[in-house]
Amino acid sequence: MQVKPGEPAQVDLHESWRIRDVVIPTRLVLAPMAGVSVQAFRRQGRRYGAGLVCSEMVSCAGLHHGNERTLGYLRIAGDEHPLAVQIFGSEPAVMAEAARMVADAGADIVDVNFGCPVRKVTKTGAGATLLDDPDRACEIVAAVASAVDLPVSVKMRRGLDDGSRTCLDVGPRLVEAGAASLTLHPRSAKQMYTGTADHALTAELVERVDVPVIASGDVTSHARAQAVLATTGASAVMVGRAAQGNPWVLREILEEDAAEPSREEVVAELVLFMRETVRELGERKAQGFLKKFYGWYLGRGRFPRAFKAELTQLDDLAEVERRLFAAAPGGRFVLVRLEDEQPTADEVTLDLPISIYGGG
Ligand SMILES: Cc1cc2nc3c(=O)[nH]c(=O)nc-3n(C[C@H](O)[C@H](O)[C@H](O)COP(=O)(O)O)c2cc1C
């Protein structure tokens, strides 16, 4: 999509689009984030308007070895669809096996991670390092694409080093190998999360491939989403850090003039998130997992800094809830409404044993 200079960029974020035969109802995608994208986060993202949600990256080696915790990542709820599950690894055959497990678990899309810059992952030959080994990257995509009937997407960085344009060469080859969509986070692996995402590169990638491209990086507002979509021709924008403890940003990106949440809404969403996370991970694991979310939900000037600090000192989640409701009593009524609107357990696909469900 080209915009003439001076012409306001207007793209309808509510427009549906497709990755092969998977219909995605809005042009807003919730990013995969390790340690964040639990089921509660994804379901919340769908409620607030994300057209597609994605699991955090799942180790194909962990799936291969039947690691219980890794298998727990394949639990999918009925109200998450459309959902992509992301896998990472370096062996085509093991990635293909993992993709079959992802398909069996009920995902709509298998996403392949060629973007993770973290040493623990790259030293195994997985994640962003595969951008420097395009033959192997293509073998992986081809193996995964022939293992499943689902569309296969790839998420990648611009390349390993600053200023790299590797993604522009590798991207079209990945499509030839079978990728039905590409997501580009146009920072180098070396940059991690510093500097800015260079979406001029996203625009170049869009020109070079005939599959939908999703633009990831620094999309934090309606105006930014509009600008990225209009100037790159991407099919959708992906939102990551801005949505941490802040589902309201998704509504703002879609609606522009969406209202800031009240304190009651913030408390109700946080408590719902806590309860859902306990169900998913078990109480003990959830206690530590949730601490970073207190700051995310209660920050942005919504509650005093000291209150966030106070909650992170607590392990007892019932006590955290009590203090949250003491700070915003009306939150209880909002929570009742939210819980009423949630599908009942029967509507949620529980396709893995309860031990995995509890042990996460
Ligand atoms: C805590 C965290 C964990 C992430 N984990 C993943 C991951 O598992 N897989 C992935 O492809 N990208 C991962 N990313 C990258 C995001 O999906 C996204 O591309 C990046 O944060 C840029 O988008 P943003 O500016 O909207 O945050 C992660 C990012 C963060 C901040």
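Structure: see above.
Rules used throughout
Residues numbered from 1 in each chain as written. Predicted model: local features only at pLDDT ≥ 70, side-chain atom pairs only at ≥ 80, totals over all residues. Heavy atoms only, no water. Helix = DSSP H or I, 4+ residues; strand = E, 2+ residues; numbered from the N terminus. Rg over C-alpha atoms; globule rule 2.2 N^0.38 Å. Buried < 20%, exposed > 50% of the residue type's maximum accessible area, 1.4 Å probe, protein only. Near = heavy atom within 4 Å. Polar contact = N/O pair within 3.5 Å; in protein donor to acceptor, adjacent residues only side chain to side chain. Areas by Shrake-Rupley, 256 points an atom, 1.4 Å probe, with all protein chains shown as cover. Nonpolar A, V, L, I, M, F, W, Y, C, P; charged D, E, K, R; others polar. Phe/Tyr/Trp six-rings, centres within 6.5 Å; stacked < 30°, edge-to-face > 60°. Lys NZ or Arg CZ within 6 Å of the ring centre and 35° of its normal. Core = buried A, V, L, I, M, F, W, Y, C linked by side-chain atoms within 4.5 Å. Contact = heavy atoms within 4.5 Å.

**Quick look at the overall build of the protein chain**
Part 1 of the argument: Assigned secondary structure in the protein chain consists of 16 helices and 11 strands.
Part 2 of the argument: Rg of the C-alpha trace for the protein chain: 20 Å, near the compact-globule value of 21 Å for 360 residues, within the 12% margin.
Part 3 of the argument: Dimensions along the principal axes, computed over C-alpha positions, put the protein chain at roughly 55 × 55 × 35 Å.
Part 4 of the argument: For the protein chain, the proportion of its 360 residues judged to be buried stands at 57%.

**Points about the site of the ligand**
Part 1 of the argument: As a matter of local geometry, the ligand sits amid 16 residues, with Ala34, Gln86, Ser216, Asp218 and Arg241 nearest to it.
Part 2 of the argument: The contact in question runs from an oxygen atom of the ligand to an N or O atom on the backbone of methionine 57, over 3.2 Å.
Part 3 of the argument: In this structure, a nitrogen atom belonging to the ligand sits 3.4 Å away from a side-chain N or O atom of asparagine 113.
Part 4 of the argument: Out of a free accessible area of 610 Å², the ligand has 88% covered by protein chains.
Part 5 of the argument: Looking at side-chain class alone, the shell around the ligand contains seven nonpolar, six polar and three charged residues.

**Describing the packing of aromatic side chains**
Part 1 of the argument: Following the criterion strictly, the structure yields seven aromatic pairs and no others.
Part 2 of the argument: Residues phenylalanine 289 and phenylalanine 293 carry aromatic rings whose centres are separated by 5.2 Å and whose planes lie at 35 degrees to one another, so their mutual orientation is tilted. Taken together, the residues span about one helical turn, with phenylalanine 289 and phenylalanine 293 both in helix H12 (residues 283-298) at a distance of four residues. Of the two residues, phenylalanine 289 and phenylalanine 293, neither departs from the other in class, the shared state being buried.
Part 3 of the argument: Taking the centre distance of 5.6 Å and the plane angle of 35 degrees together, the rings of phenylalanine 303 and phenylalanine 307 count as tilted. Note on accessibility: phenylalanine 303 and phenylalanine 307 belong to one class, buried.
Part 4 of the argument: A network of ring pairs unites the aromatic residues Tyr48, Trp248, Phe273, Phe289, Phe293, Trp296 and Tyr297 as a single cluster.
Part 5 of the argument: If you follow arginine 157 out to its NZ or CZ, it ends over the ring of tyrosine 193, 5.0 Å from the centre.

**Focus on the nonpolar core**
Part 1 of the argument: Ranked by internal contacts, the top residues of the largest apolar core, which has 118 residues, are Phe114, Leu174, Leu182 and Leu324.
Part 2 of the argument: By residue number, the principal contributor to this core is helix H11 (residues 263-281), which donates nine residues.
Part 3 of the argument: With near-sequence residues (within four places) excluded, leucine 174 lies in contact with Phe114, Ala137, Cys138, Val141, Val154, Met156, Ala179 and Leu182.
Part 4 of the argument: Core analysis: the second largest hydrophobic core is formed by five residues, Met57, Cys116, Val121 and Ala126 among them.

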